[in-house]
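Residue-level listing of the chains:
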Amino acid sequence: MADSVESVLAKIRPHTTSSLAHQKAPATLLRAIEATFREQNTIFPGVWSCSGEGDILPSVLYLLAAVAQYVPQPVILSHLTTIVSLTSPLFPSLSAHAPPLRSQLTLYGAIFLALDRSHLETQGLRQAFMTIVQLCLDPRPKVRKKAAEIVKDVLSSPPLPLSKHPYASRVAEWVQAALAELGAGGLPKFKGKKAENEGSEAAIYLLAFLRPVLPTLPAESFSAITSSMLLLPRLGNPYLSQSAYSILSDLLALSTEDPTVDLQSHMSDLLKVILSSPPLRSDSALTSAWAGVLGSTMLAYYHANPEECSPEVHKVWKALWNLLDSSDTSTRKAAADALSTLSRCFTPSLITAAVKERDSSEPKSAIGKIVAQTAKALDSLPYASAIPGIFAVSTALMENLRYRGGSKDHATAAEQLLVPLIEKASELRVQKTFEHKEAADAFLSAAMRVLGPEVLLRLLPLNLEAADRQAGREPRAFLLPLLAQPHPSPLGHFLSYFVPLTERMFDLQTTADAEGRQSEAKVWSVLVEQIWVGLPGYCWAPADLEKSLNAQFAQLLSQLLYGQPELRPAVLRALKILVESNVALASEDPDKIARLPQSVRADHISTEQAQENVAFLRAQCDSWLAVLFNVFGSVGRDNQRMVGDVVGAWISIADAKAVTQAYQKLVALFKQNLAKAQTSASGKGPASDSMVVVTQDLLLLVIPYLSSEDATALFDMCLSSEVLESKETILARLVESEKVAADAAAVFQKLEGLVDGLAAAAKKDRMLLFTALVRVIPTESLHLIPTVIPEAVLGTKEPSEKARNAAFDLVVAMGKKMQAGGTVKRQMLEDMDEDGADDATANVEEYLTMVAGGLAGASPHMISATVTALSRLVFEFKDSISANMTSEIFSTLLVFLTSANREIVKSVLGFVKLAIHTISPNLLRPYLKDLVPALLRWSHDHKNHFKAKVRHIFERMIRRFGWEDVYSFAQEEEARKVLLNIKKRKDRAKKKRAQGADDDDEVPRAKPAAGDAFEDVLYGSESEIDESDDEGAPAPGAGKPKRRDDKAGARLRVDDDEPMDLLSGAATHVTTASHKRKKPGQDAARFKTDDDTGKMVIDGSDDEGAAATADAEDAKMRVEGDAYREGLTSVDGFRRGVTGKVKFNKDTKKRRREADDAEADVEMADADAQAGKTAGKKPSARQKQEPKFGHEFKAKKAGGDVKKGGVDPYAYMSLSQAASKKNRGQRIGIAGKR
């Protein structure tokens, strides 16, 4: 609690220099209170001495609200009378001032949560609570939100042993009165910042408050609240009506989950009122809410009284069905969801009536009419845009018509009623122009789960063989991926239908492969694989298991496991599901049954049948375990886990005799392979080693199911062997199983000399064994722990992550063992002085002293590992270590921060980072004068990322201790600059994040956690100012195009000028795909076309408006560039020298000539741009007679450009102007030639 309060107050203290009064006043008051009452070690009682002064009242309330939630309950109760007498009269005066009022509300929120039942009836507290309830309608959002949160928190935390808070009835009465006043058209009065609220706004505030507190109100108040809620839509406010319907849906859902909520007497009236007040179809939001509340009402009515609900099903269905042809997407979706909810209200009487007339062309039953209407809608043009919703409704119908008439041998109602829907869905699915194939697949998937492939494939044959193609039947390969889900079809159907089919397909694949038709062979291979992937769907507790899983089929499965790697995962999954599903149903364990798929739980075999299946499988364990052991040894390491899961499933149901036999075979094989590995040559070593690993992994799978005798024999065999490197995992697993009484001292002595030369994996196994042994060390033999500490500490520096984590677990396990108590016999330790060999009491601090002995190690590696281990222990046992021990550890490790060895300093920096996060600031504050200069010594060192580490540590220190305390201990001016730079960069990063939050509403992503608290503290939460270094980094969410809410309606698709039948099958000719895609030749629309012939005219002249605009821009840019160059080189320009002195350009003949040339170029560019505006018009006679540019240089006889008797030719056209796109039709060269 002290740390939490300190972190809150640390954020307030720095604002003593703030320019904002509301920030400065609380910080100043806090400093004064801390200076006056520091010796009392508490702030809460001391604040009351200042509460009588009106000027500082907001600051007092702010500080009280900040610390109240961390104050222990006895302290609040001891000052309860003072708090209530001083603060409860302040509510009227604070009502006009929102900030102190929110502080007052926060204070009372902490007070109410700390009260016992005896204090709740205090007069001042009751009045204060009702005042807070009234503030839930305050027009100020922050005040209203804070008041609603307090009421919700108080009602959600009733004093023990009550289940409902005593104030809940008062809140319910207030809500009923407010709703009644709103329904009568009254305006709730509120004396506050505004004189009164409008009725609709007050109702919206009331409903926003009611939604979260609804589950905490008394159940007997729901009836009156429901009646009042139905009157709100009459006020004519769409948002109010939508909120009322939404809350009604929540209330009705609550009635189905909580049996104490009784709304049965109001269901009929509630349904009538909702049906009689449908909203306008144009109001999509209100219509969606109305559909939702109608579906929830029917579901609650069904749970309350199914027989009374059944006559209303068809009436409500018609009301909701009319919404499916709406043009609004949200309305159609809400209607489909409500219809799906309504399908859950089918009673057995309704289903039986529909089944009886299933052959009638004009059904009279409600469900018969519903099915007929749904099937007809799939071909109806008005419902073309609602086809996904219709398929969703069809899926719900399929799921809720599993009724078999009381016997599993009977056909389901879905099979008897929904055949037209299934056939229509298949017909649409095979059409190439049908867009909603995913929705059709979802419906067919539901049909596969409910009916099973035996029924579904009888209605919809696959048509995959050559005879089917020759007959012109459409193939339905899309049904094969649906086989893998659980379904009720017997396993014998797979044997009789799919096994022969796969054999024929495999023959076709072999033939195609032999004849070089690789593509066809691949198709048959994929089909075979898809069929076998569907085998697990047949294995969920089949009723015909004993009949189907015969020797022939078992042999086929074994051959597939050995010879078909592509089909092996499916077969393994099927074998695992066979065991687990039958075991779950036979156990009658609700938790195990709840983990089964919903379709299995809805239609499963009896418990007796499941027990018979388990007994049959148990009889086959011997043969299947032998097969699985062989497969386990033949597959690679990546696939052994999958096989191992199946081995574990089968061995779990095996009897003791079968387990013992399997264990004996594995032990014999393990000894044989181990002997071969020891005596084999170097060339055969890897193969032998791999077999040792395989048999070891198989033994690990069998260990949990061994008897105590077998486990003890295996433990003794592994321990007596000369080679223990490959057996440490087995020993660890045996010790963890608690089936072996291990002698920890003997095992430690045996393992003591096997440290050197171990591989990383062996070190991990060794650490795991040590961890298991430490847990079983007797309390009188704790002297064994110091012998393990050096190896465990060094293990924390292992390169292998798994070995390193195992070492950390060992270090913590030894600490917990010492924490549990006991005696450490020091005379049993080596090199222990006899004078100091007294027994020590085991505790965490004694263990820390043992570990800290490694700080005197001879190598820097040992010292660094010891620091790392101490960091882990301080983090793990921070609540059990005394303040003196913590200070001693910190001061000792602080000395190593001045070490010249980087490995040691790196570990110490990690400890300092963890200590700032974990240890109390009051404990570390005295060490800041030594810690800050020592850290600043490494602030400029880039090796090992020391600079970034130190910068991050200072960021944490500033957050924990404040900027002034950290900065005051920086002694040198250069060091102060480092801290100033860190503060400046941090402020810049904070400002940048604030600007990003204003520009983009997206919440910034949190850094992912490593999954381990110690790792997160030590290596996580990277420096904030690292982000600010990337000045060019885009803001969060930048560059992501915002989605436009385009509402694209449905339209007819034109299919090669084929005539369209709008009365039948119109759904396949309607598309909702965006028509704004770029089509081939779309760019040609920008060109002109000839009116007579329709041909496209590509004109390259200057009459294009876009080209003229581009040329004008080019000319402008050239002029701007010339102007800049003129300022540097022309007569009127100037330049600056090295000293910054201005030097004007000299007026020379060369500069005057260059200036004249540049001016002529600009004028010609302007003239050409002006001429471009008149291009495209018919030239006048005067324009035709104008001489062309450069005509005076044209030769009369020769083709040159020199005029007789004239001057030397000059090109009065700039190169950039000549190369521009202007006048491409009449291109003129530099000398004026075409």
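From a predicted model like this one, the values you see are computed outputs, not experimental measurements.

Reading the values: rules and limits
Residues numbered from 1 in each chain as written. Predicted model: local features only at pLDDT ≥ 70, side-chain atom pairs only at ≥ 80, totals over all residues. Heavy atoms only, no water. Helix = DSSP H or I, 4+ residues; strand = E, 2+ residues; numbered from the N terminus. Buried < 20%, exposed > 50% of the residue type's maximum accessible area, 1.4 Å probe, protein only. Contact = heavy atoms within 4.5 Å. Areas by Shrake-Rupley, 256 points an atom, 1.4 Å probe, with all protein chains shown as cover. Expected span 1.5 Å × (residues − 1). Polar contact = N/O pair within 3.5 Å; in protein donor to acceptor, adjacent residues only side chain to side chain. Axes fitted to C-alpha atoms, helices over the stretch in contact; angles between N-to-C directions. Parallel < 35°, antiparallel > 145°, perpendicular 65-115°, else oblique. Left-handed = near helix turned anticlockwise from the far one by under 90°. Nonpolar A, V, L, I, M, F, W, Y, C, P; charged D, E, K, R; others polar. Core = buried A, V, L, I, M, F, W, Y, C linked by side-chain atoms within 4.5 Å. Phe/Tyr/Trp six-rings, centres within 6.5 Å; stacked < 30°, edge-to-face > 60°. Lys NZ or Arg CZ within 6 Å of the ring centre and 35° of its normal. Salt bridge = Lys/Arg side-chain N within 4 Å of Asp/Glu carboxyl O. pLDDT = per-residue confidence, 0-100.

*Asks:* Even after reading the chapter, I still don't get the overall build of the chain, so can you show me in this structure?
*Replies:* In terms of helices and strands, the chain carries 59 helices and eight strands. Burial status across the chain gives 44% buried among its 1234 residues. Considering only contacts within the chain whose residues lie at least 6 apart along the sequence, 67% involve residues at least 24 apart. Counting every atom, the chain has about 65,100 Å² of accessible surface; 52% of that belongs to carbon and sulfur.

*Asks:* Sorry, what's going on with unusual backbone geometry here?
*Replies:* When glycine is set aside, most residues are seen to have a negative phi, and most peptide bonds are trans. Even without being glycine, Glu588 reaches a positive phi, approximately 60°. One non-glycine residue, Glu738, lies in the positive phi region at around 60°. Inspection of the secondary structure puts Glu738 in the loop between helix H40 (728-736) and helix H41 (744-751).

*Asks:* Please explain helix H48 (residues 902-918) as it appears in this structure.
*Replies:* Side chains of residues three or four places apart in an α-helix project in the same direction, reflecting 3.6 residues per turn. An ideal rise of 1.5 Å per residue puts 24 Å on 17 residues; H48 measures up with 24 Å between its terminal C-alpha atoms. One side-chain oxygen at the N-terminal end of H48 lies 3.0 Å from the backbone nitrogen of Glu903; it belongs to Asn901.

*Asks:* Got a minute to help me understand the environment of Val851 in this structure?
*Replies:* As for its placement among the helices and strands, Val851 is situated in helix H45 (residues 844-852). Separated by 22 residues in sequence, Val851 and Leu873 place their C-alpha atoms 9.5 Å apart. Setting aside its immediate chain neighbours within four residues, Val851 contacts Ile789, Val793, Thr866, Ala869, Leu870 and Leu873.

*Asks:* What is the right way to read the packing of helix H13 (residues 238-257) against helix H15 (residues 284-304) from this model?
*Replies:* The relative placement of two packed helices is expressed as an angle between their axes plus a distance between the axes. In contact at an axis separation of 8 Å, H13 and H15 are set at 20° when each is read in the N-to-C sense. As judged from the angle between their axes, H13 and H15 are roughly parallel. For the pair H13 and H15, the crossing hand works out as left-handed. Together, Pro238, Ser241, Gln242, Tyr245, Leu248, Ser249, Leu252, Ser255 and Thr256 of H13 and Ala285, Leu286, Ala289, Trp290, Gly292, Val293, Ser296, Thr297, Leu299, Ala300 and His303 of H15 make up the contact between the two elements. Per-class residue counts for the contact of H13 with H15 are eleven nonpolar, nine polar and no charged.

*Asks:* Would you mind going over the nonpolar core with me for this structure?
*Replies:* Trp650 and Met957 are the most contacted members of the largest nonpolar core, which totals 330 residues. The residues touching Trp650, leaving out its near neighbours within four places in the chain, are Leu575, Val579, Leu617, Gln620, Cys621, Trp624, Leu625 and Leu628.

*Asks:* Which parts of the structure should I look at to understand the side chain of Ser221?
*Replies:* For Ser221, the location among the structural elements is in the loop between helix H11 (199-213) and helix H12 (222-229). Judged by its relative accessible area of 5%, Ser221 is buried. Residues within four places of Ser221 in sequence aside, it is in contact with Ala172 and Gln176.

*Asks:* In this structure, what is going on with the packing of helix H21 (residues 387-399) against helix H24 (residues 437-451)? I would like to understand it.
*Replies:* Across the interface, H21 lies against H24 with an axial gap of 9 Å and an inter-helix angle of 5°. Taken together, the axis directions place H21 and H24 in an arrangement best described as roughly parallel. Contacts between H21 and H24 pair Pro388, Phe391, Ser394, Thr395, Met398 and Glu399 from the former with Ala439, Ala440, Ala442, Phe443, Ala446, Ala447, Arg449, Val450 and Leu451 from the latter. Looking at the contact of H21 with H24 residue by residue, the class counts come to eleven nonpolar, two polar and two charged.

*Asks:* Hey, could you run me through the packing of aromatic side chains in this one?
*Replies:* How two aromatic rings sit relative to each other is set out by the distance from centre to centre and by the angle between their planes. What the rule picks out here adds up to 19 aromatic pairs. With 6.2 Å between their ring centres and 80° between their planes, Phe112 and Tyr167 make a pair best called edge-to-face. A residue pair is termed long-range when its members are at least 10 positions apart, and Phe112 in helix H7 (residues 98-114) and Tyr167 in the loop between helix H9 (141-156) and helix H10 (168-183) qualify at 55 residues. With relative accessibility at 0%, the residue Tyr167 sits in the buried group. Put simply, the rings of Phe91, Tyr108, Phe112, Phe129 and Tyr167 touch in pairs and so form one group of aromatic residues. Directly above the aromatic system of Tyr205 lies the positively charged group of Arg144, at a separation of 3.8 Å from the ring centroid.

*Asks:* Please clarify how the pattern of salt bridges should be interpreted in this entry.
*Replies:* Pairing is possible between side chains of opposite charge, provided their charged atoms come close. For the coordinates displayed, the defined rule picks out 22 salt bridges. Arg140 is the salt-bridge partner of Asp138, the closest N and O atoms lying 2.9 Å from each other. Among the residues examined, Asp138 registers a relative accessible area of 0% and is labelled buried. A salt bridge links Arg766 to Glu791; its shortest N-O distance comes to 2.4 Å. Note that Arg766 is positioned in helix H42 (residues 760-775) and Glu791 in helix H43 (residues 785-795), a separation of 25 residues in sequence. Residue classification places Arg766 among the buried positions, given a relative accessible area of 1%. Within this structure, Asp379, Lys424 and Glu427 form a network of salt bridges that share partners.

*Asks:* Would you mind showing me how to read H40 here?
*Replies:* Among the nine residues that make up H40, seven are buried, leaving the element largely enclosed by the rest of the structure. All buried positions along H40 are accounted for by Glu728, Thr729, Ile730, Leu731, Ala732, Leu734 and Val735. Residue Glu738 follows H40 closely and has a positive phi angle near 60°.

*Asks:* Teacher, can you tell me more about the side chain of His493 here?
*Replies:* Along the chain, His493 turns up in helix H27 (residues 491-514). Only 2.9 Å separates the side chain of His493 from the side chain of Tyr538, close enough to count as a polar contact. Not counting the four nearest positions on each side in its chain, His493 is found in contact with Pro453, Glu454, Leu457, Phe498 and Tyr538.

*Asks:* Looking at this structure, I do not really get the confidence of the model for the chain. What am I missing?
*Replies:* One rule of thumb: low pLDDT means the predicted coordinates there are not for detailed reading. Mean pLDDT over the chain stands at 77; residues scoring 70 or higher make up 73%. Confidence drops under a pLDDT of 50 for residues 998-1008, and excluding neighbours within four residues, the segment shows six contacts in the predicted structure. Scored below 50 in pLDDT, residues 1207-1212 shows nine contacts in the model against residues more than four places distant or in partner chains.

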